[in-house]
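What follows is the residue order along each chain.
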Amino acid sequence: MLSRFPRVRLASFPTPLEKAERLGRLLGVNVWVKRDDFMELAFGGNKVRKLEFLLGDALTKGADTVITTGSLHSNHARLTAAAATKLGLDTVLVLTGEKTTQLKGNLLLDALFGADVRIFKVPKQEVNKIMQEVAHELITRGKKPYIVPGGGANAIGCLGYVSASLEIVNQLNDLGVSANYLVHATGTGATQAGLTAGFKVLNIDVKVLGISNGRRKDDIVSDVVKLANETTDLLNSRVRIEPADVTVFDDYTCGGYGVITREVTETMKLAARSEGLVLDPVYTAKAMMGLISLAEKGFMEKGSEVIFLHTGGGPIIFQYDEKVQSFGL
Ligand SMILES: *Cc1c(COP(=O)(O)O)cnc(C)c1O
């Protein structure tokens, strides 16, 4: 299904799928953690899978510089810089937020990878225009830029999670488990779109539950539907994704994207103290909060088989360490 797409290898797959015994017992469901935080490249994360296809495309097109965007704590920016460096490409990161000289977490790593980091205090809608301007500037200097959209969110990037859906189905077969739910942090919706398209094309009935880390549910659902259908088109598949195929919860945003509350840190502590599992305060802790609440509320029946897709984000802990500590550990 995927072999005809250009791809670079950035990590070893499959990533582990491990049982979270103690957490599962606490919740009355069987919890399996899909460890996409566990990859060789620069602390790993879901963006690595997307970048395998996106940078495969960039190399095919003869690019020598990659431009992308994200917030100051962007995992996607860090991993784009790392992957590009490994492939011998330059990186320009157009980040949104307050300029700072204090380099911590992902921002420190971006600098370490030698990325050209440019910080703008503009709303997210303006970054595409800025990336175009950067591309023009590079072209006039004789360079060949390739723009990766924020979060790697286009059909090519989604192929990374079509591939992951295949990988998960194989792992479940080996374990003899049939999963009922897969829960993960959803932002641009590209991860969810790839998984939803992949499972539907494979005719596997795992309900994907996206937990928003800030955006409104309806906005994410419509982006997932659009991206998933662009992905099945790219795969030459007749499978269509309908809004009814996409479930997103926006009840666990804790006040918005990047807002860190006591509940977030309590969830980080619970995962750490039950499983030795490290969650980040922007994405994965909120996703876990959703999983816990949906299990406790009975949305997931007792005894369900539930996969928690750990999408990465570890370095964010060290960018917001003071905030995380402020609620007491
Ligand atoms: C980017 C990111 C997400 C969101 O993924 P999307 O494909 O944009 O929905 C979730 N978790 C982590 C850790 C991320 O870095």
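Remember, predicted model here, so these are calculated numbers, not experimental data.

1. Re the sheet that holds strand β10 (residues 305–310)
Taken together, six strands build an open sheet; the order of strands is β1-β2-β10-β7-β8-β9 and the sheet is mixed. Looking at strand neighbours, the two that pair on one side only are β1 (17–19) and β9 (247–249), the edges of this open sheet. Looking at each pair of strands side by side, their axes are set apart by 25° on average, direction ignored. With six bridges joining them, strand β7 (residues 181–186) and strand β8 (residues 207–212) adopt parallel strand pairing. Considered in β8, the bridge of His 184 is made with Gly 210. Sheet strands in contact with helix α10 (residues 284–296) are β2 (30–35), β7, β8, β9 and β10, and its direction is about 170° off that of β10.

2. Here's the deal with unusual backbone geometry
At the junction of Phe 13 and Pro 14, the peptide bond is cis and its omega measures out at 5° in the coordinates. Among the structural elements, Pro 14 can be located in the segment before β1. Positioned with a positive phi, Ala 42 is a non-glycine residue whose angle comes to about 45°. Here Ala 42 is to be found in the loop between β2 and α2 (46–60). Residue classification places Ala 42 among the buried positions, given a relative accessible area of 16%.

3. Here's the deal with the packing of aromatic side chains
Under the counting rule described, the total for this entry stands at three aromatic pairs. The lysine or arginine in question, Lys 47, covers the ring of Tyr 283, its NZ or CZ lying 5.8 Å from the ring centre. Its end group placed over the ring of Tyr 161, Arg 49 keeps NZ or CZ at 5.6 Å from the ring centre.

4. Some details on the nonpolar core
In this structure, Leu 27, Val 31, Leu 279, Met 288, Leu 291, Met 300 and Phe 308 are the most contacted members of the largest nonpolar core, which totals 37 residues. Mapped onto this core, the elements with two or more residues apiece are α1 (21–27), β2, β7, β8, α9 (262–275), α10 and β10. The element that contributes the greatest number of residues to this core is α10, accounting for eight residues. Discounting residues that sit within four places of it in the chain, Leu 279 has contacts with Thr 267, Met 268, Ala 271, Thr 284, Ala 285, Met 288, Phe 308, His 310 and Ile 317. With 20 residues, the next largest nonpolar core counts Met 39, Val 66, Leu 79 and Val 148 among its residues.

5. Let's talk about the site of the ligand
The local shell around the ligand holds 15 residues, among which Lys 47, Lys 50, Thr 188, Thr 191 and Thr 311 are the closest. Between the ligand and Lys 50, the relevant distance is 2.6 Å, taken from an oxygen atom to a side-chain nitrogen or oxygen of the residue. Thr 311 is positioned with one of its side-chain polar atoms (N or O) 2.6 Å from a nitrogen atom of the ligand. Look at the ligand: alone it shows 380 Å² of surface, and the protein chains cover 97% of it. Those elements that provide at least two residues to the shell around the ligand are α2, β7 and α7 (190–201). Top element by residues in the shell around the ligand is α2. It accounts for three residues. Residue classes in the shell around the ligand are distributed as three nonpolar, 10 polar and two charged.

6. Concerning helix α6 (residues 155–175)
Taking 1.5 Å as the rise per residue, α6 with 21 residues should run 30 Å; its terminal C-alpha atoms sit 30 Å apart, in good agreement. Judged by how many residues are buried, α6 sits mostly within the fold: 15 of 21 residues are covered. Between a side-chain oxygen at the N-terminus of α6 and the backbone nitrogen of Ile 156 the separation is 3.1 Å; the capping residue is Asn 154. Immediately downstream of α6, the backbone of Gly 176 shows phi near 70°, a positive value.

Thresholds applied
- Residues numbered from 1 in each chain as written.
- Predicted model: local features only at pLDDT ≥ 70, side-chain atom pairs only at ≥ 80, totals over all residues.
- Heavy atoms only, no water.
- Pairing = 2+ DSSP bridges.
- Helix = DSSP H or I, 4+ residues; strand = E, 2+ residues; numbered from the N terminus.
- Axes fitted to C-alpha atoms, helices over the stretch in contact; angles between N-to-C directions.
- Contact = heavy atoms within 4.5 Å.
- Buried < 20%, exposed > 50% of the residue type's maximum accessible area, 1.4 Å probe, protein only.
- Phe/Tyr/Trp six-rings, centres within 6.5 Å; stacked < 30°, edge-to-face > 60°.
- Lys NZ or Arg CZ within 6 Å of the ring centre and 35° of its normal.
- Core = buried A, V, L, I, M, F, W, Y, C linked by side-chain atoms within 4.5 Å.
- Near = heavy atom within 4 Å.
- Polar contact = N/O pair within 3.5 Å; in protein donor to acceptor, adjacent residues only side chain to side chain.
- Areas by Shrake-Rupley, 256 points an atom, 1.4 Å probe, with all protein chains shown as cover.
- Nonpolar A, V, L, I, M, F, W, Y, C, P; charged D, E, K, R; others polar.
- Expected span 1.5 Å × (residues − 1).

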